[in-house]
Amino acid sequence: MSQFGPDYVRAIAPYQAGKPISEVAREFGLDEASIVKLASNENPFGIPESAKAAMAAAAAELGRYPDANGFELKAALAKRYDVPADWITLGNGSNDILEIAAHAFVQKGQAVVYAQYSFAVYALATQGVGARGIVVPARNYGHDLDAMAAAIDADTRLVYIANPNNPTGTFISAPEIEAFLAKVPASVVVVLDEAYNEYLEQKDQFESTQWVRKYPNLIVSRTFSKAYGLAGLRVGFAIAQPAVTDLMNRIRQPFNVNSLAQAAAIAALNDKEFLRKGAENNRAGYRQLTAAFDELKLEYVPSYGNFVLVKVGDDDGAGARVNLALLKQGVIVRPVGAYGLPQWLRISIGLPEENARFVEALEKALG
Ligand SMILES: *Cc1c(COP(=O)(O)O)cnc(C)c1O
């Protein structure tokens, strides 16, 4: 063990990202072009053409620093979500927003509440500031908001909620979240992480971005990485009242969102057709995958995101074993043993032919 750094930094278990295609090709002696990656909830359509064109135009100015205030992107977001531009914080991915919130609102020795089986970054951000994580047991693989409200103690300064949740795909309805927000003490900031919001069906969509008007301690976090297809560019944003936004802005690196990302995000935000096509593909892919799981008699958690959590065996070696068998066939998915789900795999929803490749490989892997 290193002698450097604080104990709480040495105690952090590094984030385990999905394996890159090039690495799997090298390790298993496969042709990169034959590999299917359904591991990181990326958009199977890739980057929208509209965003590519905007980036090409913006590339001419890369000798200059980005707009530190993100004026145009914030203006576009303000218009879309009907909030003042100074209620918006831009992030280098929404991961950056989650980190900024921890640094802005929590100090060493204080506490952060989040759910078991929720996004791994909550624990990392908490540990990174030397705070204590209060991990609340999940209910049906999702957030137990009553238990989370009860878990808030005198040291608690921040709560993270993922809706829909990653890696389980569970969803909390608007009335449940509002009931929770009404119970949270005014001194505790709540981050509502809605990375998959754009995949929700109309009936489940609610105006969480308007809740910030009512709740001065609420941060709504969104990303361009998933439905908008810009994961590699790293851009996300938060909406919150000015008092909260002002503190986050002090912690934020001045140039945290690069010029290409700002230009691409504006284009993607206005590309309604790309979102529509993505949502449609996602619904069809969800039916395709879950029909296969039903046929194979595999349990899965009903998902509201662009991925499905499926149980591939009853022993704690099952996830790793089936994952390895899939890798050998050139299919990359996400083992979730690090989340405490060693019998499960998380499968991102791909294009129809990618989903089919996965199902075929899964059938072989299960024997
Ligand atoms: C993917 C994801 C994010 C962060 O993605 P960024 O690329 O950093 O914007 C945040 N929260 C959840 C729950 C996610 O699944």
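Residues numbered from 1 in each chain as written. Predicted model: local features only at pLDDT ≥ 70, side-chain atom pairs only at ≥ 80, totals over all residues. Heavy atoms only, no water.

A. Summary view of the packing of aromatic side chains. Applying the stated criterion to the full structure yields 15 aromatic pairs. Linked through ring pairs, Tyr81, Phe224, Tyr228 and Phe237 together constitute an aromatic cluster. Cation over ring: Arg213 sits above Trp87, and NZ or CZ is 5.5 Å from the ring centre. (Phe/Tyr/Trp six-rings, centres within 6.5 Å; stacked < 30°, edge-to-face > 60°. Lys NZ or Arg CZ within 6 Å of the ring centre and 35° of its normal.)

B. Representation of helix α13 (residues 318-328) within the structure. Residues Ala318, Gly319, Val322, Asn323, Leu326 and Leu327 constitute the buried set of α13. Mapping the buried residues of α13 onto a view down its axis gives an arc of 155 degrees, with all of them on the same face. Residues of α13 that are exposed and angled more than 90 degrees away from the buried face: Ala320 and Lys328. Those residues of α13 that are buried are in contact with α2 (21-28), β11 (331-332), β12 (334-335), β13 (344-348) and α14 (352-366). Of the residues trailing α13, Gly330 is marked for its positive phi of about 80 degrees. (Buried < 20%, exposed > 50% of the residue type's maximum accessible area, 1.4 Å probe, protein only. Helix = DSSP H or I, 4+ residues; strand = E, 2+ residues; numbered from the N terminus. Arc of directions from axis to C-beta. Contact = heavy atoms within 4.5 Å.)

C. View of the site of the ligand. The ligand sits among Gly93, Ser94, Asn95, Phe119, Asn166, Asp193, Ala195, Tyr196, Thr223, Ser225, Lys226 and Arg234. Between the ligand and Asn95 there is a distance of 2.9 Å, counted from an oxygen atom to a backbone nitrogen or oxygen. In this structure, Thr223 approaches the ligand through a side-chain N or O atom, which is 2.5 Å from an oxygen atom. Burial of the ligand by the protein amounts to 94% of the accessible area it has alone, namely 390 Å². (Near = heavy atom within 4 Å. Polar contact = N/O pair within 3.5 Å; in protein donor to acceptor, adjacent residues only side chain to side chain. Areas by Shrake-Rupley, 256 points an atom, 1.4 Å probe, with all protein chains shown as cover.)

D. Local environment of the sheet that holds β13. What the four strands build is an open sheet, ordered β9-β10-β13-β12; its pairing is antiparallel. In this open sheet, the two edge strands, each paired with only one partner strand, are β9 (300-301) and β12. As judged from the two bridges shared by β12 and β13, these two strands associate in the antiparallel manner. Looking across to β13, one finds that Pro335 is bridged to Leu345. Strands in contact with helix α12 (residues 272-295) are β9, β10 (307-311) and β13; relative to β10, the strand with the most contacts, it is inclined by about 5 degrees. Each of β12 and β13 is contacted by α13, which is oriented at about 40 degrees to β13, the strand it contacts most. (Pairing = 2+ DSSP bridges. Axes fitted to C-alpha atoms, helices over the stretch in contact; angles between N-to-C directions.)

E. Examining the UniProt feature "modified residue: N6-(pyridoxal phosphate)lysine" (unreviewed entry) in the protein more closely. Look at the UniProt record and you will see "modified residue: N6-(pyridoxal phosphate)lysine" (unreviewed entry) annotated at Lys226. Its location among the elements puts Lys226 in the loop between β7 (218-223) and β8 (236-239). Under the relative-accessibility criterion, Lys226 is labelled buried at 14%. The contacts of Lys226, once residues within four sequence positions are left out, are Ser40, Asn41, Asn43, Ala195, Tyr196 and Tyr199. (UniProt positions renumbered as here; feature names shortened; annotations may be inferred.)

F. Layout of the UniProt feature "domain: Aminotransferase class I/classII large" (unreviewed entry) in the protein. The feature "domain: Aminotransferase class I/classII large" (unreviewed entry), as annotated in UniProt, sits at residues 35-362 in this numbering. Annotation note: span residues 35-362, helix share 41%, strand share 16%, distance between end C-alpha atoms 14 Å.

G. Up close: the pattern of salt bridges. Overall, the coordinates contain 18 salt bridges when judged by the stated rule. Here Glu273 makes a salt bridge to Arg276, at a shortest N to O gap of 2.7 Å. Placement of the pair is Glu273 and Arg276 together in helix α12, with a separation of three residues, close to one helical turn. Using a relative accessible area of 44% as the deciding quantity, one classes Glu273 as partly exposed. (Salt bridge = Lys/Arg side-chain N within 4 Å of Asp/Glu carboxyl O.)

H. Summary view of the domain arrangement of the protein. Looking at the assigned domains, one finds that the protein contains domain 1 (7-46 + 273-365) and domain 2 (49-269). Buried surface at the junction of domain 1 and domain 2, summed over both partners, amounts to about 2,500 Å²; 66% is from carbon and sulfur atoms. Linking domain 1 with domain 2 are zero salt bridges, by the criterion used here. Along the contact surface separating domain 1 from domain 2 lie six residue pairs in polar contact (both at pLDDT 80 or more). Where the side of domain 1 that touches domain 2 is concerned, the elements lending two or more residues are α12, β10 and β13. No other element matches the six residues that α12 contributes to the side of domain 1 that touches domain 2. Class assignment of the residues belonging to the side of domain 1 that touches domain 2 gives a composition of 17 nonpolar, ten polar and three charged. (Domains from an automatic or database assignment. Buried area = accessible area lost by both parts, 1.4 Å probe. Nonpolar A, V, L, I, M, F, W, Y, C, P; charged D, E, K, R; others polar.)

I. Layout of unusual backbone geometry. Put simply, Asn163 and Pro164 share a cis peptide bond, and its omega is -10 degrees. Note on placement: Pro164 falls in the loop between β5 (156-162) and α8 (174-183). The omega torsion across Asn166 and Pro167 is 15 degrees, close enough to zero to call that bond cis. Mapped onto the fold, Pro167 is located in the loop between β5 and α8.

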